[in-house]
Amino acid sequence: MSLHLVFASPYHSDALQSCQRSMGPNDVLVLLQDGVYAGVANSHAANSIVESGRTCYVMQDDLAARGLTQQLANDFEAISYEKLVELSIAHPSSQSWY
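Residues numbered from 1 in each chain as written. Predicted model: local features only at pLDDT ≥ 70, side-chain atom pairs only at ≥ 80, totals over all residues. Heavy atoms only, no water.

(A) Looking closely at the overall build of the chain. Across its full length, the chain carries 4 helices and 5 strands. Counting helices and strands in the order they occur from the N terminus, the chain gives β-α-β-α-β-α-β-α-β. For 98 residues, the compact-globule estimate of 2.2 N^0.38 gives 13 Å, and the C-alpha radius of gyration of the chain, at 12 Å, lies within 12% of that figure. Judged by the C-alpha coordinates and their principal axes, the chain covers about 30 × 30 × 20 Å. For the chain, the residues scored as buried account for 46% of the 98 residues in total. Taking contacts inside the chain between residues at least 6 apart in sequence as the whole, the part at least 24 apart equals 70%. Taking the average place of the 4 positive charges on the side chains of the chain and the average place of its 10 negative ones, the gap between the two points comes to 6 Å. (Helix = DSSP H or I, 4+ residues; strand = E, 2+ residues; numbered from the N terminus. Rg over C-alpha atoms; globule rule 2.2 N^0.38 Å. Buried < 20%, exposed > 50% of the residue type's maximum accessible area, 1.4 Å probe, protein only. Contact = heavy atoms within 4.5 Å. Lys, Arg positive; Asp, Glu negative; His and termini not counted. Charge placed at Lys NZ, Arg CZ, Asp CG, Glu CD.)

Put into structure tokens, the structure is as follows:
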């Protein structure tokens, strides 16, 4: 089980697509920094994550900083830094995508 951290916007990078291709069935995805744009409801990026059936979390502070809090897709959970630490401890390996 791995934790995948996507930092790049899906509109300026193929990091999310590369990440999704390498994820295992029990891996978890976290969207951070500009990666949170992939969590916008009804976007192509959000739909591709939902269709994959993967668990996806989105950093709450990064959503707020970009004015996207109310636009988060219902299938994703906004999380705090404390929850990110818990996820990091729970997953023996992690991969960052930029």
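(B) Seen up close, the side chain of His-91. With respect to the helices and strands, the residue His-91 is situated in the loop between helix 4 (81-90) and strand 5 (93-97). Accessibility expressed as a relative area gives 8% for His-91, which makes it buried. Apart from residues lying up to four places away in sequence, His-91 is in contact with Met-1, Ser-2, Leu-3 and Val-28.

(C) Fine view of the environment of Ala-46. Here Ala-46 shows up in helix 2 (residues 44-52). The class of Ala-46 is buried, set by a relative accessible area of 1%. Distance from Ala-46 to Asp-75, taken between C-alpha atoms, is 8.8 Å for residues 29 residues apart in sequence.

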